[in-house]
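Chain by chain, the residues run as shown.
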Amino acid sequence: MGGTRYDLGARDSRAKKAGYGFKSASEIFVQNQIGLAHESMNPNGITFREARDSEVHPNTVPIILGLDVTGSMGHVPHELIKEGLPKLMGGIIQGGVPDPALLFLGIGDHECDRFPLQVGQFESGDEELDMWLTRTYIEGGGGGNAGESYLLAWYFAAFHTKTDAFEKRGQKGLLFTVGDEPNLPTLPASAIKEIMGSGQQTYTHLELLTEAQKRYEVYHISVLHSDQAVRANVAWKELLGQNCLSIEDHKEIPNLIKKIICDRHKSSGSGITTDLGTNGLDNIEML
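Think of each chain on its own: its residues are numbered from 1, step by step along the sequence as written. Only residues with pLDDT of 70 or above have their local features reported here, since the model is predicted, and side-chain atom pairs are shown and tallied only from 80 upward, although totals for entire chains, interfaces and linings are computed over all residues. The basis for the side-chain values is all heavy atoms of the structure; hydrogens and waters are excluded.

## What to know about the pairing of strand E3 (residues 100-107)
Turning to step 1, where the next piece is worked out: Taken across its 8 residues, E3 has 8 buried, putting it largely inside the fold.
Turning to step 2, where the next piece is worked out: By the alternation rule, side chains of E3 split into Pro100, Leu102, Phe104 and Gly106 and Ala101, Leu103, Leu105 and Ile107, which are all buried.
Turning to step 3, where the next piece is worked out: With 8 bridges connecting them, strand E2 (residues 61-68) and E3 associate as parallel partners. From the neighbouring strand, Gly66 faces E3, where its bridge partner is Leu105. Here's how the labels work: a residue is buried when its accessible area is under 20% of the maximum for its type, exposed when over 50%, partly exposed in between, all with a 1.4 Å probe on protein chains only. Helix and strand definitions follow DSSP, with helices as H or I runs of at least four residues and strands as E runs of at least two, each counted in order from the N terminus. Only when DSSP finds a minimum of two bridges between them are two strands counted as paired.

Written out as structure tokens, the structure is:
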């Protein structure tokens, strides 16, 4: 990653040719046509995903976006490919953060789904980001077990990513999960081994949150489109405080993430640091 830039004009032209604005999710997300996760997004055997600086992007800002791809949230990736992703990347860059490196995760349910974790690469270019997003399999699963596996995003960020931002500059990345369910409370060693190919320790969600927070500012965006989501949001607020952000319209996700990233950048002066405090969130409307 890291050798290409996000070109809004090129992205707009390619999106029109690809029909992102009018095609259905099943037409755009080709893995849904075959009912399998893409092999390149299979986390089994992955050691690390890396966000490294380059000549084109000398001060990378690592961003992980974990998208809930269970039944009630599958419309969010579709909205992102239609118009949300260029709003997000264009807004971040135009807001004064020229070197974002974005990694997509597809999040499901490790107790119920065949593919509870899908993993892209850290990318900065428009074509590459579209590729990883459209490779995501919107499994549409989940179960009646009162939660989804958002903690898998924390696990992967904590143990399977490396970033120059942190290693060279002591700057944390930003990790966002988006969903409408509670977090499942435990990630068993058996599930880790099945998903990643190895795993000998069981973690609670609190342990994984603590590990992820060592290198990332961790946020959760609650999409309040149901009574169940509203109830789940209470627990998220208790867990993350102001880093739990609540919205009713999922189309606002790109604007919300963009604002957090750009405001954090401005508040730190020259970059996103390990001690971000509360500056920059004051103007974000939380429901």
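## Some thoughts on the packing of helix H4 (residues 75-94) against helix H5 (residues 126-135)
Turning to step 1, where the next piece is worked out: Fitting a line to C-alpha atoms yields each axis, with helices limited to the stretch in contact; the angle taken between N-to-C directions then spans 0 to 180 degrees. Their axes nearest at 11 Å, the elements H4 and H5 cross at an angle of 155°. By the angle class used here, H4 and H5 are roughly antiparallel. Considering the relative orientation of H4 and H5, their crossing is right-handed. Every residue of H5 that contacts H4 at Pro77, Leu80, Ile81, Leu85 and Met89 is listed here: Leu129, Asp130, Leu133 and Thr134.
Turning to step 2, where the next piece is worked out: Note that Gly is not counted as nonpolar here; it falls among the polar residues with everything else outside the nonpolar set of Ala, Val, Leu, Ile, Met, Phe, Trp, Tyr, Cys and Pro and the charged set of Asp, Glu, Lys and Arg. The residue inventory of the contact of H4 with H5, partitioned by class, reads 7 nonpolar, 1 polar and 1 charged. Angles are sorted into four bins: roughly parallel if under 35 degrees, roughly antiparallel if over 145, roughly perpendicular if 65 to 115, and oblique for all others. Helix crossings are classified by the rotation of the near helix relative to the far one: an anticlockwise turn of less than a right angle makes the crossing left-handed, while a clockwise turn makes it right-handed. We call two residues in contact when some of their heavy atoms are within 4.5 Å.

## Considerations on the nonpolar core
Turning to step 1, where the next piece is worked out: Think of a nonpolar core as a cluster: buried Ala, Val, Leu, Ile, Met, Phe, Trp, Tyr and Cys residues, connected wherever their side-chain atoms sit within 4.5 Å. By size, the foremost hydrophobic cluster in this structure holds 40 residues, and its most contacted members are Leu65, Leu85, Leu102, Phe104 and Phe176.
Turning to step 2, where the next piece is worked out: Taken together, the elements giving at least two residues each to this core come down to E2, H4, E3, H5, strand E6 (173-179), strand E9 (216-223), strand E10 (244-247) and helix H11 (253-268).
Turning to step 3, where the next piece is worked out: Per-element tally for this core: the top contributor is H4, with 7 residues.
Turning to step 4, where the next piece is worked out: Sequence-distant contacts of Leu65, defined by excluding residues within four places in its chain, comprise Leu80, Leu102, Leu103, Phe104, Leu105, Phe176, Val178 and Ile257.
Turning to step 5, where the next piece is worked out: Membership of the second largest hydrophobic core comes to 34 residues, among which are Ala101, Val119, Leu175 and Leu240.

## Side note on the pattern of salt bridges
Turning to step 1, where the next piece is worked out: Definition used for salt bridges: Asp or Glu carboxyl oxygen within 4 Å of a side-chain nitrogen of Lys or Arg. Tallied over the entire structure, the rule returns 15 salt bridges.
Turning to step 2, where the next piece is worked out: We note a salt bridge from Asp263 to Lys259, for which the minimum N-O separation is 3.1 Å. Highlighted residues: Asp263 and Lys259, both in helix H11, separated by 4 residues, approximately one helical turn.
Turning to step 3, where the next piece is worked out: Each member of the salt-bridge network shares a partner with another, and the members are Glu50, Arg52, Asp53, Asp164, Glu167, Lys168 and Arg169.

## A few points about the environment of Pro188
Turning to step 1, where the next piece is worked out: Following the sequence through the fold, Pro188 ends up in the loop between strand E7 (186-187) and helix H8 (189-196).
Turning to step 2, where the next piece is worked out: Put simply, Pro188 and Glu111 are 77 residues apart on the chain and 9.9 Å apart in space, counted from C-alpha to C-alpha.
Turning to step 3, where the next piece is worked out: Not counting residues within four places of it along the chain, the set of residues in contact with Pro188 comprises His110, Gln201 and Thr202.

## Here we look at the packing of aromatic side chains
Turning to step 1, where the next piece is worked out: Planes of paired rings set the category: under 30 degrees apart is stacked, over 60 is edge-to-face and the rest tilted, where pairs are Phe, Tyr or Trp rings (Trp by its six-membered ring) whose centres lie within 6.5 Å. By the definition in use, this model includes 7 aromatic pairs.
Turning to step 2, where the next piece is worked out: Members of the aromatic cluster, joined through ring pairs, are Tyr150, Trp154 and Trp236.
Turning to step 3, where the next piece is worked out: Taking NZ or CZ as reference, Arg135 lies 5.1 Å from the ring centre of Trp132, over its face.
Turning to step 4, where the next piece is worked out: By definition here, charges over rings are those cases where NZ of Lys or CZ of Arg is within 6 Å of the ring centre and within 35 degrees of the ring normal. Just above the ring of Phe48 sits the side chain of Lys162; from NZ or CZ to the centre is 4.3 Å.

## Focus: the pairing of E2
Turning to step 1, where the next piece is worked out: With respect to burial, E2 is a largely interior element, 8 of its 8 residues being buried.
Turning to step 2, where the next piece is worked out: In E2, alternate side chains face the same way, and those of Val61, Ile63, Leu65 and Leu67 on one face and Pro62, Ile64, Gly66 and Asp68 on the other are all buried.
Turning to step 3, where the next piece is worked out: The handedness of the E2 to E3 crossover, carried by H4, is right-handed. A crossover counts as right-handed when, viewed with the strands pointing away from the observer, the path leading from the first strand over the helix to the second turns clockwise.

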